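Read off the chains here:
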Amino acid sequence: MGARPLVRSVAGHRFAPVALVVAGGLSVQFGSAVAVLLMPRAGALGVVTLRLVLAAAVLLIVCRPKVRGYGRADWGTIAAFGTAMAGMNMLFYQAADRIPLGAAVTLEVLGPLILSVVASRRLVNLLWAGLALGGVVLLGGGGFDRLDPAGAGFALAAGAMWAAYIVFSARTGRRFPQADGLALAMAFGAVLSLPFGIVEAGGRLLVPSTIGLGLVVALMSSVLPYTLELLALRRLPAPTFAILMSLEPAIAATAGFLVLSQALSLTDALAIALVIAASMGAVRTQARRRDGRDAR
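Keep in mind the model is a prediction, meaning the values are calculated, not measured.

Draft legend 1. Expanded view of the packing of helix α4 (residues 101-108) against helix α7 (residues 149-175). In the contact formed by α4 and α7, the axes pass within 7 Å of each other and the chain directions differ by 45 degrees. The angle between the axes of α4 and α7 places the two elements in the oblique class. The two elements α4 and α7 meet at a crossing, and its hand is right-handed. Residue-level inspection shows Ala104, Leu107 and Glu108 of α4 in contact with α7, the latter providing Ala152, Ala155, Leu156, Ala158, Gly159 and Trp162. For the contact of α4 with α7, the residue count by class is seven nonpolar, one polar and one charged.

This is the structure we're talking about:
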């Protein structure tokens, strides 16, 4: 079996979009853990600039997107998607520089959860969102009041940008072939972030070892996960995708434990179980709904 038939076979499976989302979550959260290690070298905004600039360079080289034949609405979508990516990353790394990674992601994921409640038209999806929210709050351990207020505020703002990212990623996937739209939006976001990174990090951005680690972060936290999520959103409704994003705190807690030596408590494990149960329920509901449509 050739590579393309194999890809089509995997992509055609009803759970393939879910696998793409989970794989993207694993990549982005472990990439974020590496980014935390890089922050002492380049600062939070410097890391964002390295991540977006290097990711944009990789995507532009690989995708070689066409720039002709698109209308004003298409380019508006690209600008909005790129702005959402840049804002989400700059705000999140400001949060991660002030509060633990797991707490930052826990607060940030409230954005997608609220999106799932607002966008959903089915009562059962509200149930799954509520269960996921309970797990997210439990994962916070009731200790959010002890967090740095600025860090918590940055995380919540990043969550709002994450919700915007989901909306415009889906629109970009519908308007542009393959990952062309992602490459163009990433380049737009990189340009937006560049002045902030230069002001904060300056010449430190050009240190070879820093660039090397920045490339690792770019590939793990941007190129791979954003591509997988864009593909998933072509087949997965935004509310279901948003609920699946509740897996991110669980993944972040695991990454923090393995990479940053942050311990997991029994309460954390219970919270992670609730979040996973909510995500599995949302996926099964969507699969049954699709099967019902196919039967008709």
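Draft legend 2. Examining the nonpolar core more closely. In this structure, Met85, Phe92, Tyr93, Tyr165, Ile166, Leu182 and Met186 are the most contacted members of the largest nonpolar core, which totals 74 residues. In terms of residue count, helix α2 (residues 16-63) provides more of this core than any other element does, 18 residues in total.

Draft legend 3. Focus on the side chain of serine 27. Tracing the backbone through its elements, the reader meets serine 27 in helix α2. For serine 27, the residues in contact, after removing those within four places along its chain, are Leu219, Met220, Ser221, Leu224 and Pro225.

Basis of the calculations
- Residues numbered from 1 in each chain as written.
- Predicted model: local features only at pLDDT ≥ 70, side-chain atom pairs only at ≥ 80, totals over all residues.
- Heavy atoms only, no water.
- Axes fitted to C-alpha atoms, helices over the stretch in contact; angles between N-to-C directions.
- Helix = DSSP H or I, 4+ residues; strand = E, 2+ residues; numbered from the N terminus.
- Parallel < 35°, antiparallel > 145°, perpendicular 65-115°, else oblique.
- Left-handed = near helix turned anticlockwise from the far one by under 90°.
- Contact = heavy atoms within 4.5 Å.
- Nonpolar A, V, L, I, M, F, W, Y, C, P; charged D, E, K, R; others polar.
- Core = buried A, V, L, I, M, F, W, Y, C linked by side-chain atoms within 4.5 Å.
- Buried < 20%, exposed > 50% of the residue type's maximum accessible area, 1.4 Å probe, protein only.

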